[in-house]
Amino acid sequence: MVLWIIESSQKRRQLIDRSFRPCFYVQGPERLLARLAEALPARAAVSCVLTERQNIWDRQPLRVLQVSAHHPTLFAPLARFVRRFDSDLILYDSDLMLAPMYCWEKNVFPLARVDIEATEVAPGFSPARAALKGGATPPETGGLPGEIRSIVCRDDEWLTDYERPPVRTMRARLEGLSDVNPRHGRHGAMEVAIENDWQVLDDSDEPAAAAFERLLRVHDPDVLVTEWGDSVLLPGLLRQAQRRHIRLPLNRDPVPVASTRSRSYMSYGRILFKDSTTTLFGRLHIDTQNSFGADTCEQEGLWELVRVTKLPVQYACRTTPGTGISYLQMEVAWRDGVLIPAQKAEPESPKFPDELLLADRGGLVFPPRLGFFENVAELDFVSEFPSIMARFNISPETVNCPCCPQAPRVPELGYRVCQRYRGITSRVVERLIHKRRQYKEMMRDGIRDTGHGTRDTGHGIRDTGTARELESGIWTPESGIRNSGLETGGFPENPHLTSRAPSPEAQVPSPESRVPCPASPTPNPVSRNPSPAACKQRRDVLKWLLVCCFGYTGYKNARFGKIEAHEAINALAREKLLVAKEAAEQRGYRVLHALVDSLYVQKSEVRSQEPGASGSASRGWGLGAGGWGKTLPLPIDDGRWSISSIGNRQSKIGNCEKAADREIRSALPSPAPSPQSLAPTPQPLAPDREDYERLAQEIEQLTGLPLALEAVYRYVVFLPSKQSAEIPVPNRFFCVSDAGELKVRGLECRRHDTPPFISRMQCEVLGILAEARDFTTYCAKLREAREVYERYQAQLREGSVAPEELVIRKRLTKAPSSYQKNSVTAIAARQLDRAGVKLRPGENIEFIITDADSTFIDDRVRAWTLWEGWRGYDVDAYGKALANAFEPAAHFGKTVGGRQ
Ligand SMILES: [Zn+2]
């Protein structure tokens, strides 16, 4: 196993650990196992021993053959050999990634602080050998790896105030729009930055590859953060280097760069596209356009993800959080001595959180009452599904276990839950929930007292290096491992390091029992007290893991998947939501909307503007009007885990708050009466936070699940479906908290395909409305907002909108040639196809509507990357889109309150 570390002297060093002997287990008839135990050592350096491990489903001991590979590169080939040896054999632990297994065994994790004892140069390595491989030999590393004698972790992955390793980062991107795929034909020269000092590599003085090589050599970055580096930038540089005979070692390890091909795949009925990847050995490549949890240059979320899951960094940011959660589960199983079953089939393609939400959050929904409501509280079950898993011990192996026939039953379903063993999943989520809560508290504290020094926890840090397990060839799906310079086994063994205790429980202390270490004698080079923003990023990553954990319990291909566990969680969630709703109503609150794990409640005497109550022809919708309690899949843009497109506006709103306050007070001297006195009690009440807090506490006690008062809103506007003004839909609303923060769901500005021009108008309009305190001021603000809207329309008609403001982004659902109809997406895709751009289903394309009604089909839209000069845009089409985006703001101001 190859590790890269940063020593306390800042020296980067490559080290080899030859003591790692990954093993898998084989179950089958004894005579077959005996034959196998004879056959294997004849073929490879391997040890076979009969042992006992537990079966996950019934916790019974199973007699299995433990096969330990003497070299990690042998692990995957050995497993393949056993699979072919006899189809009666069942393999366990055989398809795991080696890097996490190494971490489990050594009690380390990526980016951890460690004490390492190592030799200067590993035996068997000579300068000639390293040079032969043609890799980089930066002067600092000396080009020769040392050999690890011992490695001891001085860190804990469950710590919240850990120190981040002092990595050197280099950034690279292409000039131009960063969100548009450069493969579609529009990009400028390459730009590279060290410490935000951007320079252009434009081939004019020297080829970009040569300039890039020089920068790499001089700055020797640990991390390369790119935009489109996976599919365009790095492959392009490598091609140029090859063409021009430039030596360009992107890796620190003397091995070639690893790459995978792009592919399209189906996931939950949607076609998605996964771009190709380019990963490095000895340094980390993060492509922010092709990764997950890696959006900012600080990478707080990603670092948190790899610490907790122990996945290799470059793999973690390119895979789904589901993989992370399954490795967390496997680690717990492995430490328990439980056999890890093989992936049941080809794992389903990576899923991103929005898809998981769509697929998995099929919870209980009470459609909203439509209208404008003042003083509404949102009560949220905090991490509801994970909390249920933790509290009720729901894990695939605990539902309907064979050991507890008398266990209490899950409501509705009658499933039993184990009383004897704590579920693996329950333990995993418990820790994640706990850590997430700690970050929440730190955020609160950090915001309360900013600017104080680092907290010294006395968690020891010795002056050895921070271990950086850069995945130096640790994972490749095919060969399992590609250890730089160690393609073959057969190096002399170190007798002191080859002994291996038979059971992992015996040799592996639990994380809690790690040796405490003395306080650091040297000051920490990097602050350990994360900022509130860092805490938020870390919390978000933990939240993704928790969301996916729920998804994976019902996922048919998951190793630890069992649909009954999934159903049990859903059933409990439904029951808890019903209990919460009834409890609120019994206490005199109106439940306006309830959605899987959140409730919008209002003290019933507070006034509201509802179309049903105004005596119009429409009936009262919402609760009790029939059709409620349906189980609905939720729209994708719930957006809780996506970055809010109105984030910038929010901070502005905060600043506007006081001014707006004054303005309203001067305009409206007294509690203004409702314009049409529609509501039962026209007198508005001051928001009563305490009452809502009490309600939350009472519901929490009744349900046994943590319930938080998420916010008290000055007002909430629940909007109907776009198709029919009478049909309520969950998740199409906006509201303004008592702190003046806007929350938007299901509107255009939350959608990724909305042109920036339209989004901007809507955000601006909502921002103005966010200054309103109640219905009266809302109506006043609406006039102001309408002026903004008219200004946008005028700008559009003048033809002065920049084309990039009108770009629409759509996902291709099929190959360009397979589109039958002339939809705008199809036309743009065909244009790109004709221009030689290879498009795959699931990819995003960008275009502008030029003349939607043109008889000449190709004139209707233009692919954005083929836009040359001025082509003009379709004023009517974009005007309609503007009107549609303004409608939600005006909907109730107009129909109920009467504008003007
Ligand atoms: Zn049981």
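The rules we used
- Residues numbered from 1 in each chain as written.
- Predicted model: local features only at pLDDT ≥ 70, side-chain atom pairs only at ≥ 80, totals over all residues.
- Heavy atoms only, no water.
- Helix = DSSP H or I, 4+ residues; strand = E, 2+ residues; numbered from the N terminus.
- Buried < 20%, exposed > 50% of the residue type's maximum accessible area, 1.4 Å probe, protein only.
- Contact = heavy atoms within 4.5 Å.
- Areas by Shrake-Rupley, 256 points an atom, 1.4 Å probe, with all protein chains shown as cover.
- Axes fitted to C-alpha atoms, helices over the stretch in contact; angles between N-to-C directions.
- Parallel < 35°, antiparallel > 145°, perpendicular 65-115°, else oblique.
- Left-handed = near helix turned anticlockwise from the far one by under 90°.
- Pairing = 2+ DSSP bridges.
- Expected span 1.5 Å × (residues − 1).
- Patch = residues over 30% accessible without salt bridge, like charges linked within 9 Å, V, L, I, M, F, W, Y side chains within 5 Å.
- Salt bridge = Lys/Arg side-chain N within 4 Å of Asp/Glu carboxyl O.
- Lys, Arg positive; Asp, Glu negative; His and termini not counted.
- Charge placed at Lys NZ, Arg CZ, Asp CG, Glu CD.
- Donors = N, O, S within 2.8 Å, 3.2 Å for Na, K, Ca; no water.
- Tetrahedral: all angles 85-135°; square planar, octahedral: opposite > 155°, others 65-115°.
- Nonpolar A, V, L, I, M, F, W, Y, C, P; charged D, E, K, R; others polar.
- Phe/Tyr/Trp six-rings, centres within 6.5 Å; stacked < 30°, edge-to-face > 60°.
- Lys NZ or Arg CZ within 6 Å of the ring centre and 35° of its normal.
- Disulfide = S-S within 2.5 Å.
- Core = buried A, V, L, I, M, F, W, Y, C linked by side-chain atoms within 4.5 Å.

Novice: I'd like a rundown of the overall build of the chain, residues and numbers included.
Specialist: When helices and strands are counted, the chain shows 21 helices and 30 strands. By residue count, 58% of the 900 residues in the chain fall in the buried class. Taking the contacts inside the chain whose residues are at least 6 apart along the sequence as the reference set, 76% of them involve residues at least 24 apart. Carbon and sulfur atoms make up 50% of the accessible area of the chain, which totals about 36800 Å².

Novice: Give me the lowdown on unusual backbone geometry, citing residues and values where you can.
Specialist: You will see that Asn 196, though not glycine, has its phi angle at about 65°, which is positive. As for its position among the elements, Asn 196 is in the loop between strand S10 (190-194) and strand S11 (197-201). Backbone geometry places Asn 393, a non-glycine residue, at a positive phi of 55°. Exposure remark for Asn 393: the relative accessible area of 9% places this residue in the buried category.

Novice: Tell me what's going on with the packing of helix H15 (residues 563-586) against helix H17 (residues 689-703), and back it up with residues and numbers.
Specialist: As a packed pair, H15 and H17 sit with axes 10 Å apart at the nearest point and diverge in direction by 140°. Here H17 runs oblique to H15, going by the angle between their axes. As H15 packs across H17, the resulting crossing turns out to be right-handed. Along its contact with H15, which presents Lys 576, Val 579, Ala 580, Ala 583 and Ala 584, the element H17 presents Leu 695, Ile 699, Leu 702 and Thr 703.

Novice: Account for the sheet that holds strand S5 (residues 61-69), naming residues and giving values.
Specialist: Across a sheet, strands are paired by hydrogen bonds formed along the backbone, either parallel or antiparallel in direction. Pairing is antiparallel in the open sheet, where four strands are placed in the order S4-S5-S3-S6. Edge positions in the sheet fall to strand S4 (46-54) and strand S6 (90-92), since each has one partner strand and no second. Between one strand and the next, the sheet's axes are offset by a mean angle of 30°, whatever the strand orientation. By the bridge criterion, four bridges tie strand S3 (residues 23-27) to S5 in an arrangement that is antiparallel. Bridge assignment links Cys 23 to a residue of S5, and that residue is Ser 68. Against the sheet, helix H2 (residues 75-85) engages S3, S4, S5 and S6, with an angle of about 10° to S3.

Novice: Break down helix H5 (residues 208-219) for me, with residues and values.
Specialist: When the terminal C-alpha atoms of H5 are compared, their 16 Å separation across twelve residues agrees well with the 16 Å that a helix rising 1.5 Å per residue should span. Those residues of H5 lying buried are Ala 208, Ala 209, Ala 210, Ala 211, Phe 212, Glu 213, Leu 215 and Leu 216. Residues of H5 that are buried sit in contact with strand S9 (169-174), S10, S11, strand S12 (223-226) and helix H6 (229-243). One or two positions beyond H5, positive phi appears at Asp 220, with a value near 40°.

Novice: So what's going on with a positive patch on the surface? Which residues, and what values?
Specialist: On the surface, Arg 43, Arg 80, Arg 83 and Arg 84 cluster together into a patch of positive charge. At three residues, H2 tops the list of elements feeding residues into the positive patch. Within the secondary structure, Arg 83 is located in helix H2. Take Arg 83: its relative accessible area is 43%, and that puts it in the partly exposed class.

Novice: Please give an account of the coordination of the zinc ion that cites residues and values.
Specialist: Distances from the zinc ion to its protein donors, Cys 401 (SG), Cys 403 (SG), Cys 404 (SG) and Cys 418 (SG), fall at 2.2 to 2.4 Å. Taken together, the four donor atoms coordinating the zinc ion and their angles of 105 to 114° define a geometry best described as tetrahedral. Taken in chain order, the donor set of the zinc ion reads C-x1-C-C-x13-C. Owing to a relative accessible area of 27%, Cys 403 belongs among the partly exposed residues under this scheme. Its relative accessible area of 6% is what places Cys 404 among the buried residues.

Novice: Could you give an account of the packing of helix H9 (residues 321-336) against helix H14 (residues 532-553), with specific residues and numbers?
Specialist: As a packed pair, H9 and H14 sit with axes 8 Å apart at the nearest point and diverge in direction by 80°. In terms of orientation, H9 and H14 fall into the roughly perpendicular class. On the side of H9, the interface is formed by Pro 321, Gly 322, Thr 323, Gly 324, Ile 325 and Leu 328, while H14 contributes Trp 544, Leu 545, Cys 548, Cys 549 and Tyr 552. Looking at side-chain class alone, the contact of H9 with H14 contains eight nonpolar, three polar and no charged residues.

Novice: Residue-level account of the packing of aromatic side chains, with values.
Specialist: Each aromatic ring pair is specified by the distance between its two centres and by the angle formed by the two planes. Throughout the structure, instances matching the rule amount to 19 aromatic pairs. Seen from their ring centres, Tyr 589 and Tyr 692 are 5.7 Å apart, and the 40° between their planes marks the pair as tilted. One end of the pair, Tyr 589, is in strand S21 (residues 589-595); the other, Tyr 692, is in helix H17, with 103 residues separating them in the sequence. Judged by its relative accessible area of 10%, Tyr 589 is buried. Given a relative accessible area of 0%, Tyr 692 falls into the buried group. Three or more aromatic residues joined by ring pairs form one cluster here, namely Phe 373, Tyr 600, Tyr 713, Phe 718 and Phe 733. Directly above the ring of Trp 198 sits Arg 173, whose terminal nitrogen or CZ lies 3.6 Å from the centroid. Arg 307 extends its terminal NZ or CZ atom over the ring of Tyr 162, reaching a point 3.6 Å from the ring centre.

Novice: Explain the sheet that holds S11 to me, using residue names and the numbers behind them.
Specialist: In space, the five strands of this open sheet follow the order S11-S10-S9-S12-S17, with mixed pairing throughout. Of all strands in the sheet, those with a lone pairing partner are S11 and strand S17 (284-287), marking the two edges. When the angles between neighbouring strand axes are averaged without regard to direction, this sheet yields 20°. When S9 meets S12, the two strands line up parallel, connected through four bridges. Bridged to Ala 172 within S12 is Thr 226.

Novice: Go over the pairing of S3, please, and point to the residues and values.
Specialist: S3 sits mainly inside the fold: four of its five residues count as buried. Bridge count between S3 and S6: three bridges; the pairing is antiparallel. Among the inter-strand pairings, Val 26 is bridged to a residue of S6, identified as Leu 91.

Novice: Tell me about the state of the cysteines, residues and numbers included.
Specialist: Inspection of every chain in the model, using the stated rule, returns zero disulfides. With no disulfide of its own, Cys 103 has Cys 153 as its nearest cysteine by sulfur position, at a separation of 9.2 Å.

Novice: Report on the nonpolar core, specifying residues and quantitative values.
Specialist: Leu 432 and Val 601 are the most contacted members of the largest nonpolar core, which has 126 residues in total. When residues of this core are assigned to their parent elements, the largest contribution, ten residues, is made by H15. Grouped together as the second largest cluster of nonpolar side chains are 61 residues, Cys 763, Val 837, Trp 867 and Phe 892 included.

Novice: Tell me what's going on with the environment of Pro 145, and back it up with residues and numbers.
Specialist: Looking at the element boundaries, Pro 145 is found in the loop between helix H4 (127-132) and strand S8 (146-153). C-alpha of Pro 145 to C-alpha of Thr 119: the two residues are 26 residues apart in sequence and 8.8 Å apart in space.

Novice: Which residues make up the pattern of salt bridges, and what values go with them?
Specialist: Under the definition given, this model contains 43 salt bridges. Residue Arg 538 is joined to Glu 300 by a salt bridge in which the shortest nitrogen-to-oxygen separation is 2.9 Å. Linking Arg 538 in helix H14 with Glu 300 in helix H7 (residues 300-309), this pair joins segments that are 238 residues apart in sequence. For the pair shown, Arg 538 and Glu 300 are each scored as buried. A salt bridge links Lys 435 to Glu 304, with the nearest nitrogen and oxygen atoms 2.7 Å apart. Of the two residues, Lys 435 sits in helix H12 (residues 424-448) while Glu 304 sits in helix H7, which places them 131 residues apart along the sequence. By relative accessible area, which is 0% here, Lys 435 ends up buried. On the basis of relative accessibility, which here comes to 0%, the residue Glu 304 falls in the buried class. The network of salt bridges with shared partners includes Arg 12, Arg 168, Asp 220, Asp 222, Arg 252 and Arg 283.

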